[in-house]
Amino acid sequence: MVLLTGGAGYIGSHTAVELINAGYDVVIADDLSNSEESVMERIGRITGKTPAFRRIDVADGAALEALFGEFEIDSVVHFAGFKAVGESVAQPIKYYRNNLDTTLTLLETMKRFGCRRVVFSSSATVYGEDNPSPYVEEMPEGRCTNPYGWTKFMVERIMTDAASADPEMSVVLLRYFNPLGAHESGLIGEKPNGIPNNLMPYITQVAAGIREKLSVFGNDYDTVDGTGVRDYIHVVDLAKGHVKALEYAEKNTGTEIFNLGTGRGTSVLEIVDAFERVNGVKIPYEFAPRRAGDIASFYADPSKAERVLGWRAEKTIDDMCRDSWRWQKGC
Ligand code: UD1
């Protein structure tokens with residue numbers, strides 16, 4: 001059985017779908033601090049199989065121990081963690097406490113139960129602001145621009161050291177680029193708390209009339225049209241990457257790192273244009289100053305994941321825009 005910590009969230013729920021579709025038994029542990037229990041039933045509607053669910057905080061050692069006692073868990077995909085960049089700057093201790101505690105408690109409990117396989121939900125943010133794009137896995141990690149990023153950096157380090165100390169352990173670190181979109185059923189997707197920080201949830205809320213207009217942060221970057229460029233990847237492609245990573249972890253020991261991106265950069269204005277064209281809705285926007293901590297452009301070299309895992313992203317920016325809007329309309 002595969003344990004998904006934080007499996008009720010945006011990326012976790014899509015990964016649950018793909019793992020179940022691939023024949024895995026899944027149990028989800030989530031404290032629902034940024035998600036809802038109704039996701040289980042929705043995963044069930046998509047796959048025909050509702051995953052087991054326990055509402056626990058993964059940093060709670062006794063609760064996690066009980067979970068490992070109840071289910072025969074042979075692999076873990078670790079998503080549980082806080083992820084709002086701005087909040088992490090304002091409340092760094094909360095981020096370090098939560099993101100590190102969940103990881104340490106998880107690794108201790110895994111060790112006690114002889115579970116030695118873990119896939120970690122990391123981020124391209126660990127490349128930092130000084131590395132040039134395209135980012136390749138062999139680059140030394142850079143200076144992160146915020147505490148959220150540093151927690152990803154630190155968890156990567158902790159897991160790598162744990163695997164170095166245990167020759168039977170298998171760790172796969174997945175560095176995500178910018179996930180967008182939703183399941184094409186419209187049943188699961190990203191549900192931000194309050195005002196969205198990330199681009200696509202903001203755009204879909206403007207389209208839905210919840211927000212008046214998009215602020216485009218910076219139009220004087222050295223990019224195709226002056227706006228920020230990112231490597232946007234459809235969340236279903238990303239989820240499928242986890243299935244491949246788990247298959248890899250089942251056959252190998254040690255630590256391996258993979259970028260999950262498309263290798264293509266898209267600007268903010270290109271996203272706005274695609275969204276308007278595909279969905280036939282207008283997105284009013286205005287240019288605003290650069291956002292602190294943003295960099296002009298970054299994108300992946302995804303060739304290692306293709307070579308080693310046999311995985312590549314298949315969906316397009318148009319798919320991402322269409323699926324994000326379908327999900328928003330259903331909310
Ligand atoms: C950030 C994090 C990344 C994290 C991701 C998803 C860093 C450096 N980046 O990525 O690690 O995985 O969030 O949580 O820590 N934009 C606007 N207007 C908006 C919102 C965004 O113009 O209202 C622009 C941004 O300036 C940027 C692009 O859209 O150019 C993407 O921004 P966003 O979706 O927030 O993701 P990142 O900052 O790239």
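Summary of the structure given here. As the structure is a prediction and not an experimental result, all values here were calculated from the model.

**Thoughts on the side chain of Glu156**
Then, number 1: For Glu156, the location among the structural elements is in helix α6 (residues 147–165).
Then, number 2: Accessibility expressed as a relative area gives 2% for Glu156, which makes it buried.
Then, number 3: There is a polar contact of 2.7 Å between the side chain of Glu156 and the side chain of Arg175.
Then, number 4: Once residues within four sequence positions are removed from consideration, Glu156 is found in contact with Phe120, Ser122, Val126, Glu141, Leu173 and Arg175.

**Focus: the sheet that holds strand β5 (residues 117–123)**
Then, number 1: A sheet is described by the order of its strands in space; here seven strands give the open sequence β3-β2-β1-β4-β5-β6-β11, paired in parallel fashion. At either margin of the open sheet sits one strand with a lone partner, and together these are β3 (52–54) and β11 (254–260). Across the sheet, the axes of successive neighbouring strands diverge by a mean angle of 20°, strand direction being ignored.
Then, number 2: Inspection of the sheet shows strand β4 (residues 75–78) paired to β5 by three bridges, in the parallel sense. Looking at β5, one finds that Val77 is bridged to Val119.
Then, number 3: Across the sheet, helix α5 (residues 92–112) touches β1 (2–5), β4 and β5, and the angle it forms with β4 is around 180°.

**Let's talk about the side chain of Lys315**
Then, number 1: The residue Lys315 is located in the loop between α10 (303–309) and α11 (317–330) in this model.
Then, number 2: Put simply, Lys315 is tucked away with no salt bridge, and the nearest opposite charge, on Glu184, sits 4.3 Å away.
Then, number 3: Residues within four places of Lys315 in sequence aside, it is in contact with Glu184, His234, Val236, Asp237, Arg264 and Met320.

**Some remarks on the site of the ligand**
Then, number 1: Around the ligand lies a shell of 20 residues, among which Leu199, Ser215, Arg230, Arg291 and Asp294 are the nearest.
Then, number 2: Contacts to the ligand include Tyr148, whose side-chain N or O atom sits 3.4 Å from an oxygen atom.
Then, number 3: Here an oxygen atom of the ligand and a side-chain polar atom of Asp294 are 2.6 Å apart.
Then, number 4: Contact with the protein chains removes 90% of the 750 Å² of surface that the ligand exposes when unbound.
Then, number 5: The dominant element in the shell around the ligand, judged by the number of residues it contributes, is strand β8 (residues 214–217), at four residues.

**Topic: helix α9 (residues 268–279)**
Then, number 1: In a regular helix each residue adds 1.5 Å, so twelve residues correspond to 16 Å; α9 covers 16 Å between its end C-alpha atoms and thus fits that length.
Then, number 2: For α9, the full list of buried residues reads Val268, Leu269, Ile271, Val272, Ala274, Phe275, Glu276 and Asn279.

**With respect to the nonpolar core**
Then, number 1: By size, the foremost hydrophobic cluster in this structure holds 39 residues, and its most contacted members are Leu4, Leu19, Val26, Ile28, Val172, Leu174 and Leu260.
Then, number 2: Going through the elements one at a time, β1, α1 (10–21), β2 (26–29), α2 (38–47), β6 (170–176), α8 (235–251), β11 and α10 are the ones with two or more residues in this core.
Then, number 3: Looking at which element gives the most residues to this core, the answer is α8, with eight residues.
Then, number 4: With sequence-adjacent residues up to four places away left out, Leu174 is seen in contact with Val119, Phe120, Ser121, Ser122, Ser123, Gly241, His242, Ala245, Phe258 and Leu260.
Then, number 5: Counting residues in hydrophobic clusters, the runner-up holds 27 residues, among them Leu3, Ala63, Leu67 and Val76.

**Regarding the packing of helix α7 (residues 199–207) against α11**
Then, number 1: Put simply, α7 and α11 touch, their axes get as near as 10 Å, and they point 55° apart. Between α7 and α11, the angle falls in the class oblique. Of the two elements, α7 crosses α11, and the hand of that crossing is right-handed. Listed contacts from α11 to Met200, Thr204, Gln205 and Ala207 of α7 are Cys321, Ser324, Trp325 and Gln328.
Then, number 2: By residue class, the composition of the contact of α7 with α11 is four nonpolar, four polar and no charged.

The rules we used
Residues numbered from 1 in each chain as written. Predicted model: local features only at pLDDT ≥ 70, side-chain atom pairs only at ≥ 80, totals over all residues. Heavy atoms only, no water. Helix = DSSP H or I, 4+ residues; strand = E, 2+ residues; numbered from the N terminus. Buried < 20%, exposed > 50% of the residue type's maximum accessible area, 1.4 Å probe, protein only. Polar contact = N/O pair within 3.5 Å; in protein donor to acceptor, adjacent residues only side chain to side chain. Contact = heavy atoms within 4.5 Å. Pairing = 2+ DSSP bridges. Axes fitted to C-alpha atoms, helices over the stretch in contact; angles between N-to-C directions. Lys, Arg positive; Asp, Glu negative; His and termini not counted. Salt bridge = Lys/Arg side-chain N within 4 Å of Asp/Glu carboxyl O. Near = heavy atom within 4 Å. Areas by Shrake-Rupley, 256 points an atom, 1.4 Å probe, with all protein chains shown as cover. Expected span 1.5 Å × (residues − 1). Core = buried A, V, L, I, M, F, W, Y, C linked by side-chain atoms within 4.5 Å. Parallel < 35°, antiparallel > 145°, perpendicular 65-115°, else oblique. Left-handed = near helix turned anticlockwise from the far one by under 90°. Nonpolar A, V, L, I, M, F, W, Y, C, P; charged D, E, K, R; others polar.

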